[in-house]
Amino acid sequence: MAKTVIPFGPQHPVLPEPLQLKLVLEDDVVVEAIPAIGYVHRGLEKLTELKDYEQSVYIVERVCGICSFMHSMAYTRGIESIMNIQIPQRAEYIRTILAEIARVQSHLLWLGLLADSFGFESLFMETWRYREDILDIMEMITGNRVIISANKVGGVTKDFTDEHIKFILDTINRLEEKIKDVENVFLNNYTVKQRLAGIGILTPEDARELGALGPIAKGSGIPLDLRTTGYSAYKYLDFEPIVDNHCDSYGRTVVRIKEIYQSFQLIRQAISKLPSGEIFIPVKGLPNGEVISRLEQPRGEAIYYIKTNGTKTLSRLKIRTPTFANIPTLLKMLPGSRLQDVPVIVLTIDPCISCTER
Amino acid sequence: MANMLNIVLKNFLKKPKTRLYPLKERDSFERTRHKIHFETADCIHCGICQRKCPADAIKVNRAEKIWELNAYRCIICGECVNVCPKKCITMLNKRRDVAENKKYISIKKVD
Ligand code: SF4
Ligand code: SF4
């Protein structure tokens with residue numbers, strides 16, 4: 001049969017970010033997908049070689065608009081381990097809580113986008129309305145809604161007051177009830193299930209071989225979660241990575257929804273154990289050495305390679321974001337699927353192209 | 001079906017979720033970072049804020065006692081607020097007004 005090549009993206013209604021996939025089709029079945037990235041390269045890694053290492057926190061925060069907090073966390077943790085700084089416990093806890101809040105907002109954003117990708121507009125609006133409440137928490141604590149600039153080499157800049165803690169707990173208790181409603185629609189509604197179940201299949205063997213990360217690996221039954229290594233305050237918290245054995249888009253949705261509840265649970269745990277004390281220790285000297293700093297972002301594991309040479313600026317920063325590692329799995333999932341399912345499959349890897357290209 | 005009717009009726013009776021912006025503005029939180037405000041009286045034009053600013057938004061001219069802010073570059077991180085030894089920069093939780101043109105905000109100290 002004759003083959004057709006359709007460019008999917010970089011501008012496409014379901015893609016908030018510029019990823020291009022050249023889809024080779026036979027009739028309406030995808031035979032091959034050829035990715036092209038490079039539309040939003042901003043040279044942020046290079047910029048850190050020109051700025052002070054403390055100012056670079058603000059640069060790495062801008063790598064990604066959604067997991068912005070976790071990028072700054074990976075970076076500051078890296079620099080702290082080069083300089084052998086032990087930050088106060090309270091700061092570790094605050095970082096963990098903010099990271100979990102960021103994970104919830106990222107997953108809610110993704111759920112909304114998923115609903116949008118199969119054309120369920122009201123569900124999309126509903127999930128994003130809940131996300132606004134999470135952003136309110138961020139704004140109340142740190143002063144900004146998305147790029148919160150709460151991290152600093154040596155600790156955090158914003159402390160929690162009792163009022164904040166009450167606000168966080170009230171909000172997550174209220175949201176937990178509401179998310180149960182949308183969960184019901186995502187997981188049990190007949191129409192939604194038709195669009196997710198059996199679409200974009202990734203077997204556990206493939207997932208392992210292609211190096212799937214985060215919810216994609218977990219949705220294929222592989223319990224891969226870097227938080228279990230116990231960085232930051234995760235070592236004091238009690239949790240298990242969430243896995244699902246559906247190995248398709250439905251499985252990945254289940255994982256992300258369950259992770260929202262898990263994050264709520266982690267936030268509650270961390271708040272109940274929150275120690276008192278300092279949130280910041282002054283940093284002296286300049287970093288000299290190199291380090292690999294890793295952490296679990298909403299989309300999977302991010303790797304920071306930081307090299308410094310004892311001057312104010314870094315000599316090299318290399319960021320490997322989870323989406324980059326997940327693109328090969330996407331290319332595995334697409335062949336055999338039909339054209340109308342491509343947007344849903346692309347979205348289930350939660351593509352964040354601007355962080356991939358830095 | 002009954003559930004749906006319930007939701008429809010509820011939404012019909014509820015107040016709108018949206019605000020009539022710009023007539024009614026959203027309240028900011030106490031820590032909300034909207035804009036930085038500079039008081040020239042105490043400034044010693046030491047230039048620390050200029051050196052610490054990650055976005056190169058501030059320019060300090062010591063000789064002529066001019067403090068300049070390029071509000072379009074400023075990312076409202078609050079670094080300058082924390083480092084100023086004289087505490088002459090503050091963070092406000094009030095929105096910056098719409099500007100007519102992209103000029104620097106330039107403040108000259110007159111003794
Ligand atoms: S740091 Fe403060 S005192 Fe120094 S130049 Fe800036 S505003 Fe003036
Ligand atoms: S708030 Fe941040 S970006 Fe803006 S002038 Fe101050 S230091 Fe520079």
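Residues numbered from 1 in each chain as written. Chains lettered and ligands numbered in written order. Predicted model: local features only at pLDDT ≥ 70, side-chain atom pairs only at ≥ 80, totals over all residues. Heavy atoms only, no water.

Identification of chain B as Formate hydrogenlyase from Fervidicella metallireducens AeB is taken from an unreviewed UniProt entry.

An unreviewed UniProt entry lists chain A under the name NADH dehydrogenase, from Fervidicella metallireducens AeB. Turning to chain A, the UniProt record has this under Sequence similarities (unreviewed entry): "Belongs to the complex I 49 kDa subunit family." (UniProt positions renumbered as here; feature names shortened; annotations may be inferred.)

Residues and elements named next belong to chain A. Put simply, helix α4 (residues 89-117) and helix α10 (residues 249-273) touch, their axes get as near as 9 Å, and they point 155° apart. By the criterion of interaxial angle, the relationship of α4 to α10 is roughly antiparallel. α10 is crossed by α4, and the crossing has left-handed handedness. When grouped by side-chain class, the residues that make up the contact of α4 with α10 number 15 nonpolar, 3 polar and 6 charged. (Axes fitted to C-alpha atoms, helices over the stretch in contact; angles between N-to-C directions. Helix = DSSP H or I, 4+ residues; strand = E, 2+ residues; numbered from the N terminus. Parallel < 35°, antiparallel > 145°, perpendicular 65-115°, else oblique. Left-handed = near helix turned anticlockwise from the far one by under 90°. Nonpolar A, V, L, I, M, F, W, Y, C, P; charged D, E, K, R; others polar.)

Contacts between the two partners involve 14 residues from chain B and, on the opposite side, 22 residues from chain A. On the chain B side of the contact with chain A, B:F29, B:R31 and B:R33 bury the most area, a combined 45% of that side's loss. On the surface where chain B and chain A come into contact, there are 4 salt bridges. Between the two partners, chain B and chain A, sit 14 residue pairs in polar contact (both at pLDDT 80 or more). Residues belonging to the side of chain B that touches chain A are distributed by class as follows: 5 nonpolar, 1 polar and 8 charged. (Contact = heavy atoms within 4.5 Å. Buried area = accessible area lost by both parts, 1.4 Å probe. Salt bridge = Lys/Arg side-chain N within 4 Å of Asp/Glu carboxyl O. Polar contact = N/O pair within 3.5 Å; in protein donor to acceptor, adjacent residues only side chain to side chain.)

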